[in-house]
Amino acid sequence: DSEHENIVRNCHINNAFFSALEINNSTVQVIGNYIYNNAGSTAGAALDLTNVDDEEVLIHNNIFAHNTNNGMVGTLSFTSSTPIFTNNIVVYNSGTTGGAVSLKSSSDVNILNNTFADNSGSNGTFFIFSSNPNFKNCIIYDTVENIFNEISGEAVIVYTCISGGHSGLGNIDEDPMFALPSSEFWALWYLQENSPCID
């Protein structure tokens, strides 16, 4: 809850027991971090955003991995927030309501060029409540039965590789061919040269 132009860059953040980062009505750039092995119950274990818009918060080029949540929200929780969320890798996270992301209360986030893989949630990967997020140029490679848990609101998905397929312009359902996917620290999530997701 700061009026300063805050920057969190090139950090490793782990072993938090509420939220690794909690941003409330602040201006923050979160760039190039590795946020992993954090736990939560009532808030996003890795990142919890409340009351921010796309002129205030940039979340770019981070890795969110092995975060867990045993409460009602996802590992990344957006409430009344529309941050810029681009080029992030979100892998091997788990939660009860949503394994990867919870979007609530008009969190109409533009989710661009992100990779989501091997996340697990008893009610899907994404928990959507009173929000209409937009996914474009993403990879969503999860094995959960219901990737989008849309309680109210609807995700718009285009030009995205998504397990099981999804209606929408340019969407595909193919193996993205990650270079070296793994649950280990050294995993490589960039794409092999002949990946169907390139271009």
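Our structure is the block above this text.
A brief look at the structure comes next. (Residues numbered from 1 in each chain as written. Predicted model: local features only at pLDDT ≥ 70, side-chain atom pairs only at ≥ 80, totals over all residues. Heavy atoms only, no water.)

### What to know about a nonpolar patch on the surface
For clarity, the cut-off: Exposure above 30% relative accessible area and the absence of a salt bridge qualify a residue for a patch, where like charges join within 9 Å and nonpolar side chains (Val, Leu, Ile, Met, Phe, Trp, Tyr) within 5 Å. Computed with the Shrake-Rupley method and a 1.4 Å probe, the accessible areas treat only the protein chains shown as cover for residues. What counts as a salt bridge is simple: a side-chain nitrogen of Lys or Arg found within 4 Å of a carboxyl oxygen of Asp or Glu. For the purposes of this entry, the term helix denotes a DSSP run of H or I that reaches at least four residues, the term strand denotes a run of E that reaches at least two, and both are numbered from the N terminus. Each residue is assigned to one of three classes by its accessible area relative to the maximum for its type, calculated with a 1.4 Å probe on protein chains only: buried under 20%, partly exposed between the two thresholds, exposed over 50%.
Taken together, the side chains of Leu-180, Trp-186, Leu-188 and Tyr-190 define a hydrophobic patch exposed on the protein surface, amounting to about 430 Å² of accessible area. Considering the arrangement of structural elements, one finds Leu-188 in strand β26 (residues 188–191). You can call Leu-188 partly exposed: its relative accessible area is 33%.

### Some words on the sheet that holds strand β13 (residues 89–91)
Our working rule: Any two strands with at least two DSSP-identified bridges between them are counted as paired.
Taken in spatial order, the seven strands make up an open sheet running β2-β5-β9-β13-β17-β21-β24, and their pairing is parallel. Either end of the sheet is taken by a strand with one partner, and the two such strands are β2 (12–14) and β24 (161–162). With three bridges joining them, strand β9 (residues 63–65) and β13 adopt parallel strand pairing. Counterpart to Phe-64 in the pairing with β13 is Val-90.

### Section: the packing of aromatic side chains
Inclusion rule: Two rings from Phe, Tyr or Trp (for Trp, the six-membered ring) form a pair when their centres are within 6.5 Å of each other. A pair whose planes differ by under 30 degrees is stacked, one over 60 is edge-to-face, and the rest are tilted.
Throughout the structure, instances matching the rule amount to 12 aromatic pairs. Considering the side-chain rings of Phe-78 and Phe-85, the 5.7 Å spacing of their centres and the 70 degrees angle between planes classify their relative orientation as edge-to-face. Given a relative accessible area of 0%, Phe-78 falls into the buried group. On the basis of relative accessible area, Phe-85 is assigned to the buried category, the value being 1%. Measuring from ring centre to ring centre gives 6.2 Å for Tyr-141 and Phe-178, while their planes differ by 75 degrees; the resulting arrangement is edge-to-face. Highlighted residues: Tyr-141 in strand β21 (residues 139–141) and Phe-178 in strand β25 (residues 178–180), separated in sequence by 37 residues. On the accessibility criterion, Tyr-141 (31% relative accessible area) is partly exposed.

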